[in-house]
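# Survey of secondary and tertiary structure
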Amino acid sequence: MSGHDAVGRRAFVVGAGAALFTGGTVTGAEAAVVEGPLPDFHAALKAELTFPLAWGRSPIRDFRAWRRAARAKVEELLLVDRDERTPYAPEFGGRSEADGYTRESVTLSLTRHERVRGALLTPRGRGPFPAVLLLHDHGARFDIGKEKLVRPWYDDTRAAAAQGWADKYFSGRFVGDELARRGHVVLCLDALGWGDRGPLTYDQQQALAANFYNLGSSLAGLTAHEDARAAGFLAGLDRVDARRIAAVGFSMGAFRAWQTAALSDHIAAAASVCWMTGLKEMMVPGNNTLRGQSAYYMLHPGLPRFLDFPDVASIAAPRPMLFLDGGLDPLFPADGVRVAHDKLRAVWRSRHAEERLRLTTWPDLGHVFTAPMQDEVFTWLDTVL
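The structure displayed is predicted, hence computed values, not measured ones.

## Topic: the overall build of the chain
- Helix and strand counts for the chain come out as twelve helices and nine strands.
- In terms of overall dimensions, the chain is globule-like: its C-alpha atoms have a radius of gyration of 20 Å, near the 21 Å expected for 385 residues.
- With 385 residues in all, the chain has 58% of them scored as buried.
- Of the roughly 15,800 Å² of accessible surface on the chain, a fraction of 53% belongs to carbon and sulfur atoms.

## Here we look at the sheet that holds strand 9 (residues 357-362)
- With respect to topology, nine strands assemble into an open sheet ordered 1-2-3-5-4-6-7-8-9, the strand pairing being mixed. Each end of this open sheet is capped by a strand with a single partner; those strands are strand 1 (91-97) and strand 9. On average, each strand axis in the sheet is inclined to that of its neighbour by 15 degrees, with strand direction left out of account.
- Direction of pairing for strand 6 (residues 240-250) relative to strand 7 (residues 269-273): parallel, over a ladder of five bridges. Paired with Phe 250 across the bridge in strand 7 is Val 273.
- Along the sheet, helix 11 (residues 334-350) contacts strand 8 (321-326) and strand 9; its crossing angle with strand 9, the most-contacted strand, is approximately 160 degrees.

## Description of the pairing of strand 3 (residues 115-123)
- Burial within strand 3 is extensive, with nine of its nine residues counted as buried.
- Burial along strand 3 is two-sided: the residues Arg 115, Arg 117, Ala 119, Leu 121 and Pro 123 and Val 116, Gly 118, Leu 120 and Thr 122 are all buried.
- Pairing of strand 2 (residues 101-109) with strand 3 involves nine bridges; the strand directions are antiparallel. By the bridge assignment, Thr 102 is partnered in strand 3 with Thr 122.
- Two successive antiparallel strands, strand 2 and strand 3, enclose a turn made up of five residues.
- Note that strand 3 and strand 5 (residues 185-189) share four bridges and pair antiparallel. Bridging across to strand 5, Ala 119 finds its partner in Cys 188.

## Brief notes about unusual backbone geometry
- Here the bond from Gly 127 into Pro 128 is cis, since omega is 0 degrees, no more than 30 degrees from zero.
- Across the junction of Gly 198 and Pro 199, the peptide omega takes the value 0 degrees, indicating a cis bond.
- Turning to its location among the elements, Pro 199 is positioned in the loop between strand 5 and helix 6 (205-214).
- Phi at Ser 251 is positive, roughly 60 degrees, even though this residue is not glycine.

## Description of helix 11
- Taking 1.5 Å of rise per residue, 17 residues should cover 24 Å, and helix 11 covers 24 Å from first to last C-alpha, within 8% of that figure.
- Listed in full, the buried residues belonging to helix 11 are Gly 336, Val 337, Ala 340, His 341, Leu 344, Val 347 and Trp 348. Around the axis of helix 11, the buried residues are gathered within 130 degrees of arc, so they sit on the same side.
- As for helix 11, its buried residues are in contact with helix 3 (63-77), helix 9 (279-282), helix 10 (309-313), strand 8 and strand 9.
- Just past helix 11, the residue His 352 takes up positive phi, approximately 55 degrees.

## A few points about the confidence of the model for the chain
- When pLDDT is averaged across the chain, the result is 91; 90% of the residues are at 70 or more.
- Confidence over residues 1-34 falls short of pLDDT 50; this stretch has 55 contacts with residues more than four positions distant or in other chains.

## A closer look at the packing of aromatic side chains
- Applying the stated rule across the entire model yields 21 aromatic pairs.
- Pairing Trp 275 with Phe 309 gives two aromatic rings, centres 4.9 Å apart and planes at 90 degrees, and the pair type is edge-to-face. With Trp 275 in the loop between strand 7 and helix 9 and Phe 309 in helix 10, this residue pair connects regions lying 34 residues apart in the sequence.
- Looking at Trp 275, the relative accessible area reads 6%, which means it is buried.

## As for the pattern of salt bridges
- Tallied over the entire structure, the rule returns 35 salt bridges.
- The salt bridge partner of Glu 84 is Arg 82, with a shortest N-O separation of 3.5 Å.
- Classification of Glu 84 as partly exposed rests on a relative accessible area of 43%.
- Note that Asp 375 and Arg 182 form a salt bridge whose closest N and O atoms lie 3.6 Å from each other. Taken as a pair, Asp 375 in helix 12 (residues 371-384) and Arg 182 in the loop between helix 5 (175-181) and strand 5 lie far apart in primary sequence, 193 residues in all.
- Residue class for Asp 375 comes out partly exposed when judged on its relative accessible area of 29%.
- Overall, Arg 182 belongs to the partly exposed group, its relative accessible area being 41%.

## Looking at the side chain of His 300
- With respect to the helices and strands, the residue His 300 is situated in the loop between helix 9 and helix 10.
- In contact with His 300, not counting residues within four places along its chain, are Leu 77, Leu 78, Ala 220, Gly 221, Ala 224, Phe 255 and Gln 259.

## Some thoughts on helix 6
- Regarding helix 6, the residues found buried are Gln 205, Leu 208, Ala 209 and Phe 212. Buried residues of helix 6, viewed axially, fall in a sector of 95 degrees; they line one side.
- Count one or two residues on from helix 6 and you reach Gly 216, which has phi positive near 75 degrees.

Criteria and cut-off values
Residues numbered from 1 in each chain as written. Predicted model: local features only at pLDDT ≥ 70, side-chain atom pairs only at ≥ 80, totals over all residues. Heavy atoms only, no water. Helix = DSSP H or I, 4+ residues; strand = E, 2+ residues; numbered from the N terminus. Rg over C-alpha atoms; globule rule 2.2 N^0.38 Å. Buried < 20%, exposed > 50% of the residue type's maximum accessible area, 1.4 Å probe, protein only. Areas by Shrake-Rupley, 256 points an atom, 1.4 Å probe, with all protein chains shown as cover. Pairing = 2+ DSSP bridges. Axes fitted to C-alpha atoms, helices over the stretch in contact; angles between N-to-C directions. Contact = heavy atoms within 4.5 Å. Expected span 1.5 Å × (residues − 1). Arc of directions from axis to C-beta. pLDDT = per-residue confidence, 0-100. Phe/Tyr/Trp six-rings, centres within 6.5 Å; stacked < 30°, edge-to-face > 60°. Salt bridge = Lys/Arg side-chain N within 4 Å of Asp/Glu carboxyl O.

Printed below as a string of structure tokens:
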């Protein structure tokens, strides 16, 4: 059996395990949007969220001490052991040449429980190169994960599905391939439930999350931990300049990008497209947060008692951060984006580093990462890495 075949078989076993973890195959359409009245205590509980550990509100006045305390609180509420001693033990295979870069698959251990397969792109030439940890979105599309951002050279069926996704959200481009052509090493891995680690159905997500909670753990916590571990793996590659690694993502991938920057010092900069808001402003009828499905990948139990989303992202300050939002994005109401941007701006300003924070809203765009938006990210990366 070739190395590539071995990787594929292992990935297949991993995907089957993920399906079993959800309690078996579940049929049904997308969960209904919450439109009716919320419980009477909903408003009262929202009013009690004051985010007392946020920078500027916390009694901790030294910023470095605050960062340590805030990160420690987030890591505590991930409900997942750090597991830093597990060797990555990477296996490389499926090598293929492309226009100006090399593609290969890599399988590694992000935790002691599972091997994960990803796509690794390396520019031609002499390294070490700057690198991007590329984090895929949710989109309720589970048969492709990493393939949403890196053209799958190894599977014609996935290639067709991935091209359709790229046409819908990315102006037909594969963001990972564009980054590699522009001189970046790119690593993109499947989150649990997608691609080789799935595919889930939409209404299996709640079962998956419930099983994690019953086991004293967390689906969102696992995802956060795995992303931070992936950053560490990327930093350890000889082909990578460990001082020049960015996290980049769209939608749920954007959430993962700023979260990874907050949790990992390996990330020197982060670009997050279409995922930043204040929690209280997002918790309104009709929003995905209240559906009880996709929200579980971004739900850390108890964390809102201490920190809002922009407060967590601020743990990465004063490193360079870029947030792009669509003014017509139905998932993130404008008032929530405005609240989050104001909080972020205040933190970077307090560090005399406001020039390292870029907050951009594309007023005529919705929940997309179009070619002009990508070009803004690419240009920005060239200036900060």
